[in-house]
Amino acid sequence: MTNRRTAMNNPGILILAGVAGVALGVMFFGGLWWTVRRGVASPQPALWFLVSSLLRVAITLAGFYFVSGGQWQRLVSCLVGFMAARFIVTRLTRSAGEKQMRPTQEASHAP
């Protein structure tokens, strides 16, 4: 019981769980980005998306299970890291062209 109690109060463990969540998120969302880029150019895109989805979900769920160790605090920390990774991957995968393309402002009145 003392090991479990000290692990729950140790902020280092929660930080490591958050870092693991970021790693899982980068794998998941980076894998999604990679799959979309490969899948749209493939003659069998459905196969790409199906296999990728199953692998990404299985790895992510196994990672959450392993990292949490049956403690909800670790799971929450891992989930926060996972969601942070979504924003990181979204920002990193934007191409330079998408950053420069801004919708033009329309006139506020009709001609």
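Further up the page is the structure itself.
Residues numbered from 1 in each chain as written. Predicted model: local features only at pLDDT ≥ 70, side-chain atom pairs only at ≥ 80, totals over all residues. Heavy atoms only, no water.

Caption draft 1: Inspection of helix α3 (residues 45-68) at higher detail. Here α3 spans 34 Å end to end across 24 residues, near enough to the 34 Å set by a 1.5 Å rise per residue. Among the residues of α3, Ser52, Arg56, Thr60, Gly63, Phe64, Val67 and Ser68 are the ones counted as buried. On its buried face, α3 sits against α2 (11-39) and α4 (72-93). Among the residues trailing α3, Gly69 stands out with phi positive, at a value near 55 degrees. (Helix = DSSP H or I, 4+ residues; strand = E, 2+ residues; numbered from the N terminus. Expected span 1.5 Å × (residues − 1). Buried < 20%, exposed > 50% of the residue type's maximum accessible area, 1.4 Å probe, protein only. Contact = heavy atoms within 4.5 Å.)

Caption draft 2: Fine view of the packing of aromatic side chains. The tally for this structure, following the rule as stated, stands at 5 aromatic pairs. Seen in terms of ring centroids, Phe28 and Phe29 are 5.0 Å apart; in terms of plane orientation they differ by 80 degrees. Their pairing is edge-to-face. Note on accessibility: Phe28 and Phe29 belong to one class, buried. With a centroid separation of 5.4 Å and an interplanar angle of 65 degrees, the aromatic rings of Phe64 and Phe82 are classed as edge-to-face. Of this pair, Phe64 sits in helix α3 while Phe82 sits in helix α4, and the two are 18 residues apart along the sequence. (Phe/Tyr/Trp six-rings, centres within 6.5 Å; stacked < 30°, edge-to-face > 60°.)

Caption draft 3: Representation of the packing of α2 against α4. Orientation of α2 relative to α4, taken along the N-to-C sense of each, is 40 degrees, at an axis distance of 6 Å. Taken as axis vectors, α2 and α4 run oblique relative to one another. Regarding α2 and α4, the two cross each other, and that crossing is right-handed. Residues that form the contact of α2 with α4 fall into these classes: 14 nonpolar, 8 polar and 2 charged. (Axes fitted to C-alpha atoms, helices over the stretch in contact; angles between N-to-C directions. Parallel < 35°, antiparallel > 145°, perpendicular 65-115°, else oblique. Left-handed = near helix turned anticlockwise from the far one by under 90°. Nonpolar A, V, L, I, M, F, W, Y, C, P; charged D, E, K, R; others polar.)

Caption draft 4: Quick peek at the environment of Val26. Looking at the element boundaries, Val26 is found in helix α2. The class of Val26 is partly exposed, set by a relative accessible area of 37%. Sequence spacing of Val26 and Val89 is 63 residues, and the spatial spacing of their C-alpha atoms is 6.4 Å. In contact with Val26, other than residues within four places in its own chain, are Gly31, Ala85 and Val89.

Caption draft 5: Here's a closer look at the packing of α3 against α4. Where α3 contacts α4, the axes come no closer than 8 Å and their chain directions differ by 140 degrees. When the axes of α3 and α4 are compared, the pair comes out oblique. Considering the relative orientation of α3 and α4, their crossing is right-handed. Mapping the contact onto sequence places Thr60, Phe64, Val67 and Ser68 in α3 and Arg74, Leu75, Cys78, Leu79 and Phe82 in α4. Looking at the contact of α3 with α4, its residues break down into 6 nonpolar, 2 polar and 1 charged.

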